[in-house]
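One-letter residues, chain by chain:
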Amino acid sequence: MSWDYAALLPGAIVLSSLLPGVFIFLVREESHTLRTVLNLVGAIAKLVLVGLMIYGVWLGQVFETRIAIAPGLTLVLNADALSVLFVTLSTVLWLVTTVYAIGYLEHSTNRSRFFGFFSLCVSATVGIALSGNLLTFVIFYEILTLATYPLVAHRGTPEATRGAKIYLAYTLSGGLLLLVGAVWLRTLTGPVDFVEGGMLGGLSPDLHGQLVAIFAVLLAGLGVKAALVPLHGWLPQSMVAPAPVSSLLHAVAVVKAGAFGIVRVVYDVYGVTLASQLGLLTVLGVLASFTIVYGSILAMTQDGLKKRLAYSTVSQVSYIALGTSLLGPVATVGGLVHLVHQGIMKITLFFCAGNYAETLGVANVSQMDGVGRRMPLTTLAFTVGALGMIGIPPIAGFVSKWYLGLGGVEAGQHWVLVILATSTLLNAGYFLPILYRAWFRPLPASWPKEHHFHTRFETMGALLWPPVITAVFCLLAGLLASAPFSPLEWARLIAEREYGL
Amino acid sequence: MSAWLLLIAWVWPLLLVWPASGVRFRQDWGTAASALSPRPSALPWVALGPVPALAAALLVPVGTELPLPWLFLGTHLALDATAQVYLAFTALVWLAAGVYAALGERGGPPEAPTARSGRFDVLFLLSMAGNFWLIVGADLFSFYAGFAMMGIAAYGLVVHDGSPSALWAGKVYLVMALLGEVALFAGLVMLASETGTTRPGTGEVTALSNATIALLLLGLGVKAGLVPLHLWLPLAHPAAPVPASAVLSGTMIKVALLGWLRFLPVGELALPGWGHWLALAGLGTMTLALPVGLVQRDPKVILAYSSIAKMGLMMTVLGLVLVEPALAPMGVAGIVFYAAQHGLAKGGLFLGVGLRKHAGPAGSMTQALILGVLVFLALALAGAPFTSGAAAKYDLKPVLDAAEWTWIGAVIAVTAVGTVLLMARFIWVSWRLQPHAEPDWLWPVAAWGLLAALVALFPFAIAFGKPEAWLSNGLPLGIGVGIAAAVALIAALQPKLFAPFVGLIPPGDLLALVMPLLRAVKAMGEVFLEDLGRVWGRLKGIALAAFERVFGTPAGDVERELRQWPVAGALWVGISALLLLLLLGAQAPGGG
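Given the structure is predicted, the values throughout are model-derived calculations rather than measurements. Every residue gets a number counted from 1 within its own chain, in the order that chain's sequence is written. Written order determines the labels here, with chains lettered from A and ligands numbered from 1. Totals for whole chains, interfaces and linings use every residue, but because this is a predicted model, local features are given only for residues with pLDDT of at least 70 and side-chain atom pairs only at 80 or more, for both listing and counting.

**Here's the deal with the overall build of chain A**
Here is the rule: Elements are defined by DSSP. Helices are runs of H or I of four residues or more, strands are runs of E of two residues or more, and each kind is numbered from the N terminus. Labels follow a simple rule on C-beta atoms placed from the backbone: if 20 or more others lie within 10 Å of a residue's own, it is buried; if 12 or fewer, it is exposed; otherwise it is partly exposed. Two residues qualify as being in contact provided that their C-beta atoms, derived from the backbone, are within 7 Å of each other.
Within chain A, the secondary structure is distributed over 20 helices and two strands. The buried share among the 501 residues of chain A stands at 65%. A sequence separation of at least 24 residues applies to 80% of the contacts in chain A between residues at least 6 apart.

**Section: the overall build of chain B**
Secondary structure summary: chain B contains 25 helices and two strands in total. Scored against the burial criterion, the 592 residues of chain B give a buried share of 53%. When contacts within chain B are restricted to residue pairs at least 6 apart in sequence, those whose partners lie at least 24 apart make up 80%.

**Observations regarding the UniProt feature "domain: NADH-Ubiquinone oxidoreductase (complex I) chain 5 N-terminal" (unreviewed entry) in chain A**
Worth spelling out the cut-off: UniProt positions are given in the numbering used here, feature names are shortened, and annotations may be inferred rather than shown by experiment.
Under the local residue numbering, the UniProt record ascribes the feature "domain: NADH-Ubiquinone oxidoreductase (complex I) chain 5 N-terminal" (unreviewed entry) to residues 74–115 of chain A. Taken end to end, residues 74–115 of chain A comprises 69% helix and 14% strand; its first and last C-alpha atoms sit 30 Å apart.

**Focus on the interface of chain B and chain A**
To be explicit about the condition: Residue polarity follows a fixed list, in which Ala, Val, Leu, Ile, Met, Phe, Trp, Tyr, Cys and Pro are nonpolar, Asp, Glu, Lys and Arg are charged, and the others, Gly among them, are polar.
If you look at the interface, chain B gives 42 residues, while chain A gives 46 residues. Of all the elements in the fold, those that place two or more residues in the side of chain B that touches chain A are α6 (140–158), α7 (164–195), α23 (511–551) and α25 (565–587) of chain B. In terms of residues, the side of chain B that touches chain A owes the most to one element, α25(B), which gives nine residues. Taken together, the residues of the side of chain B that touches chain A sort by class into 32 nonpolar, eight polar and two charged.

**Section: the nonpolar core**
We count it as follows: By our criterion, buried Ala, Val, Leu, Ile, Met, Phe, Trp, Tyr and Cys residues that link up through C-beta atoms within 7 Å make up a nonpolar core.
One finds Leu85(A), Cys121(A), Leu144(A), Leu87(B), Ala96(B), Val136(B) and Val158(B) to be the most contacted residues of the largest nonpolar core, which totals 407 residues. Ignoring any residue separated from it by four or fewer positions in sequence, one finds Leu85(A) in contact with Leu336(A), Leu339(A), Val340(A), Trp490(A), Ala491(A) and Ile494(A).

**Focus on helix α7 (residues 208–226) of chain A**
Residues and elements named next belong to chain A. As a reminder, the rule being used: One fewer than the residue count of a helix, multiplied by 1.5 Å, yields its expected span.
If you check α7, its first and last C-alpha atoms are 25 Å apart, about what 19 residues at 1.5 Å a residue would give, namely 27 Å. Among the residues making up α7, those that are buried are Leu211, Ile214, Phe215, Leu218, Leu219, Gly221, Leu222, Gly223, Val224, Lys225 and Ala226. Buried residues belonging to α7 abut α6 (158–189), α10 (254–270), α12 (280–300) and α13 (305–325). Where α7 ends, the next residue or the one after it, Ala227, has phi of about 60°, a positive value.

**Notes on the UniProt feature "domain: NADH:quinone oxidoreductase/Mrp antiporter transmembrane" (unreviewed entry) in chain A**
Cross-referencing UniProt, the feature "domain: NADH:quinone oxidoreductase/Mrp antiporter transmembrane" (unreviewed entry) maps to residues 131–425 of chain A in the present numbering. Strand forms 0% of residues 131–425 of chain A and helix 77%; the C-alpha atoms that close the span are 37 Å apart.

**Re the domain arrangement of chain B**
Test applied: For the domains described, the bounds stem from an automatic or database domain assignment.
We note that the domain assignment places domain 1 (2–12 + 53–509) and domain 2 (514–587) within chain B. The distance between the C-alpha centroids of domain 1 of chain B and domain 2 of chain B comes to 55 Å.

**Quick word on the pairing of strand β2 (residues 75–78) of chain B**
Residues and elements named next belong to chain B. This is how it is decided: Think of it this way: DSSP has to see at least two bridges between two strands before they count as a pair.
Along β2, one buried face is formed by Thr75 and Leu77 and the opposite face, lined by His76 and Ala78, is buried too. Taken together, the four bridges between strand β1 (residues 65–68) and β2 define a ladder with antiparallel strand orientation. What sits directly across from Pro67, in β2, is His76. In sequence, β1 turns back onto β2 through a hairpin of six residues, with Phe72 there showing a positive phi of about 55°.

**Some thoughts on unusual backbone geometry**
Residue Val229(A) is joined to Pro230(A) through a cis peptide bond whose omega torsion reads 10°. The topology assignment puts Pro230(A) in the loop between α7 and α8 (234–237). Look at the link from Val227(B) to Pro228(B): it is a cis peptide, with omega at 5°. The phi torsion at Phe485(A) lies on the positive side, around 65°, for a residue other than glycine. In this structure, Phe485(A) sits in the loop between α19 (461–479) and α20 (487–498). Phe485(A) sits in the partly exposed class, given 13 other C-beta atoms within 10 Å.

**Points about helix α14 (residues 328–358) of chain B**
Residue and element names in this part refer to chain B. Between its first and last C-alpha, α14 extends 44 Å over 31 residues, near the 45 Å set by a 1.5 Å rise per residue. Most of α14 is tucked away, with 25 of its 31 residues classed as buried. Phi turns positive one or two residues past the end of α14, at Gly360, with a value near 90°.

**Topic: the confidence of the model for chain B**
Selection rule: Values of pLDDT, the confidence the predictor places in each residue, fall between 0 and 100.
The predicted model of chain B averages 87 in pLDDT, with 91% of residues at 70 or higher. Segment residues 108–115 of chain B is flagged for pLDDT under 50; beyond a separation of four residues in sequence, or across chains, it makes twelve contacts in the model.

**Describing the packing of helix α17 (residues 396–410) of chain A against α7(B)**
For any two helices packed against each other, one specifies the crossing angle of their axes together with the interaxial distance. Rules: Fitted lines through C-alpha atoms serve as axes, helices being fitted only where they are in contact, and the angles separating the N-to-C directions of these axes extend from 0 to 180 degrees. Here the angle decides the label: under 35 degrees means roughly parallel, over 145 means roughly antiparallel, 65 to 115 means roughly perpendicular, and every other value means oblique. Two helices crossing with the near one rotated counterclockwise from the far one by less than a right angle form a left-handed crossing, whereas a clockwise rotation gives a right-handed crossing.
At their nearest, the axes of α17(A) and α7(B) sit 9 Å apart, and the two run at 55° to each other. Relative to α7(B), the element α17(A) lies oblique. Crossing geometry of α17(A) relative to α7(B) is assigned as right-handed. Between α17(A) and α7(B), the contacting residues are Trp402(A), Gly405(A), Leu406(A), Val409(A) and Glu410(A) on the first element and Val189(B), Met190(B), Ala192(B) and Ser193(B) on the second. Of the residues contributing to the contact of α17(A) with α7(B), the split by class is six nonpolar, two polar and one charged.

**A closer look at the packing of helix α15 (residues 365–382) of chain B against helix α18 (residues 408–431) of chain B**
Residues and elements named next belong to chain B. Their axes nearest at 9 Å, the elements α15 and α18 cross at an angle of 165°. Classified by the angle between their axes, α15 and α18 sit roughly antiparallel to one another. Crossing angle aside, the handedness with which α15 passes α18 is right-handed. On α18, the residues that touch Leu371, Leu374, Val375, Ala378, Leu381 and Ala382 of α15 are Thr419, Val420, Met423, Phe426, Ile427, Ser430 and Trp431. For the contact of α15 with α18, the per-class residue count stands at eleven nonpolar, two polar and no charged.

**Points about the environment of Glu468(B)**
Position of Glu468(B) among the secondary structure elements: in helix α20 (residues 467–471). The spacing of Glu468(B) and Arg519(B) is 51 residues in sequence and 54 Å in space, taken between C-alpha atoms.

**Quick word on the environment of Leu208(B)**
All names here are of chain B. Note that Leu208 resides in the loop between α7 and α8 (210–224). Once the C-alpha coordinates of Leu208 and Met190 are considered, the two residues, 18 residues apart in sequence, prove to be 8.6 Å apart. Residues within four places of Leu208 in sequence aside, it is in contact with Leu191, Glu194, Ile213 and Pro265.

**Here's the deal with the environment of Asn78(A)**
All names here are of chain A. One can find Asn78 in strand β2 (residues 73–79). Residue classification places Asn78 among the partly exposed residues on the basis of 18 C-beta atoms within 10 Å. Along the sequence, Asn78 and Leu40 sit 38 residues apart, while their C-alpha atoms lie 25 Å from each other. In this structure Asn78 touches Pro10, Phe63, Glu64, Ser83, Leu130 and Gly132, once residues within four positions along its chain are discounted.

Structure below.
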């Protein structure tokens with residue numbers, strides 16, 4: 001009995017958003033209620049299933065769905081501690097984003113198409129999280145690319161089409177490189193399963209040259225989605241997408257898929273010891289550090305709020321890669337926990353940016369004077385997210401920063417502190433002026449395009465509560481970091497298993 | 001049970017944030033322009049903030065611990081002797097300042113620059129909570145979290161009135177505070193790595209690396225006003241509204257000493273190099289601050305420089321203790337009591353300046369009383385015999401006497417004279433202030449009177465059985481008063497003689513030298529970035545052109561058809577159905 005359930009659960013989690021997604025395509029545009037019900041039923045069902053899985057994995061249960069798609073090619077969905085971290089993040093934020101998107105797209109067109117692809121996008125993300133081998137990962141990675149393209153292009157304006165094309169050009173090239181790398185690796189080793197501690201450790205040293213080359217190809221492929229400089233060009237361009245899409249792209253789906261892939265390749269394919277021996281970690285560390293600083297510098301020059309946030313994502317996602325590039329469990333914890341922390345903080349910021357645009361027509365930082373007086377709850381949420389990004393305790397971002405810094409020092413890489421300090425100052429440099437404007441400058445005489453929703457609150461409920469909830473998550477993830485089942489504790493569990501402690 | 005007071009002490013001000021803010025989240029947004037009410041809440045929330053902390057300082061026995069491993073990164077609240085004294089004087093200064101803020105500062109239309117607002121109260125409470133948290137938290141996370149919360153919220157207090165000078169002061173403050181925080185973060189990370197604990201001072205002592213010590217000294221040195229990291233202090237303390245200045249000078253800068261006492265191996269390892277360095281830096285701080293303070297016009301600026309000088313004295317003593325660990329028991333107690341005495345007196349002086357400006361018309365009884373108390377507080381700060389200043393300083397003497405630098409006693413005596421002169425200058429300037437009377441100052445004056453009474457009673461607490469402590473420090477005071485009297489006499493007869501000196505050095509002293517340098521660096525950086533941007537732009541142009549050539553061409557018929565959503569949708573349905581079938585099929589042979 002329990003065997004069946006364990007084998008079905010990973011598949012069921014993917015299907016819980018895939019099936020509603022498929023049906024949503026068929027829902028008529030006007031059937032608002034039906035579509036909402038489908039969306040929410042899928043999101044809640046997934047949440048329940050994930051809850052079961054967390055408990056099981058914590059107890060050490062094995063969940064695995066295997067499907068042979070061709071002789072020698074097996075689709076494996078497998079839940080280890082690392083998958084659960086990413087699955088949980090996607091599932092929780094999907095639910096919140098769905099609510100937000102329903103509010104956000106209240107009066108827009110093509111909603112069935114939007115929510116259909118939206119669900120597919122989340123299914124693909126969950127598939128990536130649960131992939132048990134490299135082949136499965138590549139498949140879901142490609143599906144994700146294709147499912148997000150229509151979302152970026154959703155508005156259909158020339159700008160949106162252009163942004164979406166750039167997005168597609170980048171991500172398809174990245175996907176191609178990933179495929180090449182995966183096939184190449186397979187020719188050397190046979191099926192590439194993800195194994196805690198890595199599966200290439202036993203390979204003969206003659207192949208090490210090839211392994212380095214394969215790593216470069218894989219990293220280039222994954223680096224596109226993870227927005228490692230110089231492969232980050234698509235990210236600011238895809239800011240033309242509607243706010244819920246940007247939130248999802250930045251916090252959960254696309255960039256995280258890339259970062260997650262890097263984590264998988266380093267820990268579960270190469271193994272962190274081998275990667276370190278081959279010098280791959282150094283390359284990754286340098287690339288990540290450069291991206292962290294470069295992204296922040298560019299963020300300072302942006303006036304568009306969403307663009308500034310986009311460059312901030314470029315910078316912050318590389319914290320994950322930085323944590324991965326440092327040898328030692330503490331840094332691993334820092335990188336992995338930031339996978340979650342960056343997600344909840346950045347989604348908060350994007351929700352808020354969407355609220356400003358929808359409610360007041362404010363899209364640029366220079367228009368944000370006094371916005372805190374008009375939209376106090378939204379701005380409060382924004383403040384929590386922004387301070388968290390800077391790494392001000394006790395918000396989640398500090399926890400990541402502490403573990404990254406400590407991990408760097410423990411690994412003997414003291415320069416990490418310099419990178420973190422620089423990044424902190426730069427983050428302060430582009431977030432604090434926003435907060436200053438919002439809270440300390442006087443209100444303008446009128447807003448660019450104010451919209452009254454006739455509610456008792458500053459904006460529509462479906463827009464207001466999602467960022468407030470995620471801001472509370474940011475605070476809780478920091479304040480209860482040492483409590484059981486916190487992201488930090490879960491990241492510790494993963495690190496223990498990866499290092500066999 | 002009383003252990004929980006350690007948690008309530010800093011959570012309580014946080015709980016008050018919402019009622020104090022006066023924000024209305026629910027209202028008719030169609031007509032209302034703003035959520036922040038022009039008047040803050042009518043109830044004196046900010047005055048209630050420090051009450052549990054004060055209760056904790058009085059009721060919680062020393063040695064109480066409250067481990068909360070689930071909170072943050074593992075919180076460990078505890079009250080040792082140092083923390084108790086710190087908590088007591090910090091809570092008292094916050095209480096007096098809170099009463100002043102809640103009942104003295106006027107509410108008013110939001111456009112009035114000095115009007116107190118909900119925002120001020122919120123930030124006041126946040127800084128307060130941070131200040132208490134870092135005192136009662138024995139782990140370094142609590143310290144850092146409280147430190148950051150206090151430091152960042154205080155920015156809003158500094159810029160509160162929105163004037164260009166306040167904004168400038170706030171900018172300097174924030175930049176320097178962030179630099180300090182970043183250095184402190186790095187220092188604490190290295191400390192945690194080197195000692196293997198997040199509760200320093202509890203395990204066996206491990207030698208810290210030089211880099212760690214340097215980072216800790218730099219990071220906290222900004223807060224302490226260590227020259228040349230003091231640039232923000234003479235700008236920010238006067239720019240803030242009176243109650244905020246009182247806590248900035250009275251409690252917040254003292255936190256740096258607390259941090260050093262906790263994180264440096266005080267009394268455990270001899271650090272002659274660093275100790276001498278810190279002692280010299282402290283002497284340098286005093287040497288700079290006293291003369292610069294003497295030529296200031298604004299009484300609050302004079303007080304700010306006096307704070308810098310006093311911090312310099314405490315740093316000197318701490319440095320000497322680091323050189324000779326055997327002095328630690330006496331030295332640490334001396335520093336802590338001195339910090340407490342200075343905190344109470346300086347808080348009282350700042351609040352007194354505000355009262356001098358607003359409570360009662362010129363020449364009234366109230367004003368005479370206020371001036372009298374100000375003179376008393378200034379004497380206490382200058383260390384006159386029979387005041388708390390003399391008693392507190394008496395406890396520092398053994399450390400100074402034991403120093404291998406025999407000349408240090410003479411230097412300290414000279415600075416003592418300097419302090420007397422600075423306080424004389426302060427009284428002179430305050431006396432000449434023109435009060436603008438406003439009604440309803442009873443409560444702030446009462447709270448201030450309580451603070452002054454505590455300053456008067458302070459010696460009974462620490463020097464009850466030591467008559468020699470009461471009488472110490474008479475000589476520098478006599479010399480100082482003599483010089484001050486002579487100068488005052490000459491100034492009265494020949495007003496032009498000293499006029500060129502007044503305002504000779506602007507507040508923020510070295511900043512005037514640093515700014516042109518920074519501006520030059522910025523200009524150069526901009527030129528460089530512009531060039532870089534141009535090159536980058538050209539490269540991007542080439543890449544984009546290539547991209548447009550490939551993707552900009554109109555799509556062929558097949559592709560366009562595929563792009564239509566019914567086709568794409570149908571394809572998706574097909575693929576999904578296939579996946580489903582595969583999944584179901586996979587179960588049949590046994591699931592692998």
